[in-house]
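# Analysis of the macromolecular model
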Amino acid sequence: MLEEIKHKLNETLTQAGQWVEKALQHAMAWLAQLLDNIAFMLGRYGVPEEYRQLAALGLLYLLVVLVVLLFILLVFRRRRRKRREMLRREAPSRPEPEEALRPPVPKEPEAAPAPKEELRAEPEEEEAPTAEPPAEAEVEEVRPEEVESEPVAEEELVPKKAPAAPPEEREAPPEIEEVPQEPRVSLFERMRQGLSKTQASLVGRIDTLLRGRKEIDADLIEDLEEILITADLGMKTTQDLVAVLEDRLDRNELADGEAVRSAMQEELTRRLEEQACGPLDLDAAKPFVLMVVGVNGVGKTTTIGKLARQFKNEGRSVVLGAGDTFRAAASEQLAIWGERSGVEVIRHSEGADPAAVAFDAAKAAVARKADVLILDTAGRLHTKANLMEELKKIRRVLDREIPGAPHETLLVLDATTGQNALNQAKLFSEAVAVSGIALTKLDGTAKGGIVVAISNELKLPVRYIGIGEGVEDLRPFDPAMFAAALFDRE
């Protein structure tokens, strides 16, 4: 018995430790993202790059101090209010003994009329409630006289039916047609809004650099190179772009700032289109197996749920495999997405073998003649060799049950991590042969230039980009639209 108790205690402690570790990881990631956003805002106001992180920490410290001071002030105010209320409650009780000490004989007659007035006022106050019971009595008397009250009741029922206005109000929303409002927010407009931070960080700074320049020279190209590097386009991609601009400058093709701007847009579009391969060909196999990989916290499960909804809306039958058996409540989260989308979810208990989940999900997809099988996997660091070997095992199981599976290995990356996302893509590609990228959270970062770096350096197609929290905000990547939205002047 003691050994069992010790074993259970150890299990609970390890689970609690894992939960605390995950909570700390999420908190640190949120804090790092907040510091990056503050540093980016400081950069827009001209703070040098080497001082941005320090200044961001200072601002965050000041904000915390202000919040604490405000909290202390609120506590003091509440205490003062309580004291005032206590004094007000005690105030009427104090004059009573003073009045009791002043009962002189001459003042007794003056005090006598006062109670009379009070007595007169009291019956008036009592008359008001006495007026109410007769009204109630009248109502009670009217009820037994059904014959006489029938016409009155019919007249009273008519105004009760009068709230025909609410149905008119309910009919009003269809009159305000929401359908014509949808085309107003076009796909291009959504893309432009989702890339607003990247646009301000990259194109906005380029426009500021080019504004007022009458001559394009080597110094301007050097300043442009610095902007591209800080926008997370990567060193190799930046050097390639700068080389192209210098070549055009030597051929006198960059006469002014507008020519530089258009040349940048053309080069970015060309490099993105070189790796573009269009949407997924879900008819290439049945079932089409899509395995989703990535580190913790990048949005794998949410991406899977959105893809399942989109495929279901296209009229395809979808099966989801909850292969993330390590993270707490991961299968439950995927099950919720499955209920929303109306698709089946194959899952095991927490801590089960992910390869077993992949086996059962493949069997279920074949038995149900599903069009698409999407398999979730546990988030793992790209530096953990044993976990990466587990992904290879899952691939072998899928290939054994469905020849050629997985037909697409989609790596989900968080755009807010910048160059770290590029490193993740390199190592995952070496381990599990990644065939496509889904880049999430582009609407919440100024590091959208990582899209160009991934396409140019890794020669991997970007399949999907996330520009919002809605299901429709996970969009198939269109290079031309991406570049046009990035360089759009509104």
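Residues numbered from 1 in each chain as written. Predicted model: local features only at pLDDT ≥ 70, side-chain atom pairs only at ≥ 80, totals over all residues. Heavy atoms only, no water.

### Overview of the overall build of the chain
Threshold: Helix numbers and strand numbers start at the N terminus; a helix is a DSSP run of H or I with at least 4 residues, a strand a run of E with at least 2. Relative accessibility decides the category of a residue: with a 1.4 Å probe and only protein chains considered, values under 20% of the type maximum give buried, values over 50% give exposed, and everything between is partly exposed. Any two residues whose heavy atoms approach within 4.5 Å are treated as being in contact. In short, Shrake-Rupley with a 1.4 Å probe defines the accessible areas, and a residue's cover is counted only from the protein chains shown.
Each helix and strand in the chain was counted, giving 20 helices and eight strands. Buried residues in the chain amount to 35% of all 490 residues. Long-range pairs, those at least 24 residues apart, make up 75% of the contacts in the chain between residues at least 6 apart in sequence. Within the structure as shown, the chain displays about 30000 Å² of accessible surface, and the carbon and sulfur contribution to it stands at 55%.

### Considering unusual backbone geometry
The peptide bond linking K286 to P287 adopts the cis configuration, its omega dihedral lying at 0°. Between A405 and the following residue, P406, the backbone shows a cis peptide bond with an omega angle of -5°. Of note, D232 is a non-glycine position whose phi angle comes to about 65°, a positive value. Locating D232 in the fold gives a position in the loop between α11 (218-230) and α12 (235-250). We note that K459 has phi near 55°; this positive angle belongs to a residue other than glycine. Structurally, the position occupied by K459 is in the loop between α19 (450-458) and β7 (462-466).

### Thoughts on the sheet that holds strand β3 (residues 344-346)
The condition that has to hold: Pairing between strands is defined by DSSP: at least two bridges between the two strands are required. Angles run from 0 to 180 degrees between N-to-C directions of axes, and those axes are lines fitted to C-alpha atoms, restricted for helices to the stretch in contact.
Pairing is mixed across the open sheet formed by eight strands, whose spatial order is β3-β2-β4-β1-β5-β6-β7-β8. This sheet does not close on itself; its edge strands, each paired only once, are β3 and β8 (474-476). Put simply, the sheet's adjacent strands are angled 25° from each other on average, direction ignored. Sheet strands in contact with helix α15 (residues 330-341) are β2 (318-323), β3 and β4 (372-377), and its direction is about 170° off that of β2.

### Some thoughts on empty space enclosed by the protein
This is how it is decided: In this analysis a 1.4 Å probe is tested at points of a 1 Å grid over the protein atoms alone, and where it fits but cannot get out there is a cavity; an open set with protein on both sides within 12 Å along at least five of seven lines is a pocket; lining residues have an atom within 4 Å of a point. Grid points are joined across faces, edges and corners, and a volume is the space filled by probe spheres set on the points. We call Asp, Glu, Lys and Arg charged. Ala, Val, Leu, Ile, Met, Phe, Trp, Tyr, Cys and Pro are nonpolar, and the rest, Gly among them, are polar.
This model, assessed by the stated rule, comprises two cavities of 30 Å³ or more. Each pocket or cavity is described by its volume, and for the largest cavity that value is around 50 Å³. Along the lines of polarity and charge, the residues of the lining of the largest cavity split into three nonpolar, four polar and four charged. The computed volume of the second largest cavity comes to approximately 30 Å³. Taken together, L272, Q275, A276, C277, S455, P461, V462 and F477 form the lining of the second largest cavity.

### Some remarks on the packing of aromatic side chains
Each aromatic ring pair is specified by the distance between its two centres and by the angle formed by the two planes. Counted only if it meets this: Pairing of aromatic side chains here covers Phe, Tyr and the six-membered ring of Trp, requires ring centres within 6.5 Å, and sorts the geometry by plane angle: under 30 degrees stacked, over 60 edge-to-face, intermediate tilted. We count a charge as sitting over a ring when the NZ of a lysine or the CZ of an arginine lies within 6 Å of the ring centre and within 35 degrees of the ring normal.
For the structure on display, the rule yields one aromatic pair. Over the ring of F326 we find K22; its NZ or CZ atom is 5.2 Å from the centre of that ring. A cation over a ring is seen here: R340 above W337, with NZ or CZ 5.2 Å from the ring centre.

### Considerations on the pairing of strand β1 (residues 288-293)
The side chains of a regular strand alternate between the sheet's two faces. Counted residue by residue, β1 has six buried out of six residues, so it is predominantly covered. Burial along β1 is two-sided: F288, L290 and V292 facing one way and V289, M291 and V293 facing the other are all buried. Relative to strand β5 (residues 408-414), β1 is paired through four bridges, and the arrangement is parallel. Bridge pairing in β5 places V292 opposite L410.

### What about the packing of helix α13 (residues 257-275) against helix α20 (residues 479-486)?
A pair of packed helices can be characterised by two numbers: the angle between their axes and the separation between those axes. Just so we agree on the cut-off: Put simply, angles under 35 degrees are roughly parallel, angles over 145 are roughly antiparallel, angles from 65 to 115 are roughly perpendicular, and the rest are oblique. Crossings are classed by handedness, with left-handed meaning an anticlockwise turn of the near helix from the far one by less than a right angle and right-handed meaning a clockwise turn.
At a minimum axis distance of 9 Å, the contact between α13 and α20 shows a crossing angle of 155°. By the criterion of interaxial angle, the relationship of α13 to α20 is roughly antiparallel. Crossing geometry of α13 relative to α20 is assigned as right-handed. The residues of α20 that touch α13, namely those facing Q265, T269, L272 and E273, are P479, A480, F482, A483 and A484. Of the residues assigned to the contact of α13 with α20, the class counts are six nonpolar, two polar and one charged.

### A look at the layout of surface pockets
As a volume, the largest pocket reaches approximately 1600 Å³. The wall of the largest pocket is formed by 50 residues, among which H26, V295, N296, G297 and V298 lie closest to the centre. Of all the elements in the fold, those that place two or more residues in the lining of the largest pocket are α1 (2-44), α14 (300-313), α17 (385-401) and α18 (419-432). No other element matches the 10 residues that α1 contributes to the lining of the largest pocket. Here the second largest pocket is characterised by a volume of approximately 930 Å³. Secondary structure elements with two or more residues in the lining of the second largest pocket: α1, α2 (49-90), α9 (196-201), α10 (203-210) and α11. The dominant element in the lining of the second largest pocket, judged by the number of residues it contributes, is α1, at eight residues. When its residues are assigned to classes, the lining of the second largest pocket shows 10 nonpolar, 11 polar and 10 charged.

### A word on the environment of V319
By secondary structure assignment, the location of V319 is in strand β2. Under the relative-accessibility criterion, V319 is labelled buried at 3%. Each residue touching V319, except ones within four places of it in the same chain, is listed here: E344, I346, A365, A370, V372, L373 and I374.

### Notes on the side chain of R271
Secondary-structure assignment places R271 in helix α13. Look at R271 and you get buried, because its relative accessible area is 9%. Discounting residues that sit within four places of it in the chain, R271 has contacts with D240, L241, V244, S455 and N456.

### Thoughts on helix α16 (residues 354-367)
Worth spelling out the cut-off: Multiply 1.5 Å by the residue count of a helix minus one, and that product is the helix's expected span.
For α16, which comprises 14 residues, the first-to-last C-alpha distance of 20 Å matches the rise-based estimate of 20 Å (1.5 Å per residue) to within 8%. Burial in α16 covers these residues: P354, A355, V357, A358, A361, A362, A364 and A365. One or two positions beyond α16, positive phi appears at K369, with a value near 55°.

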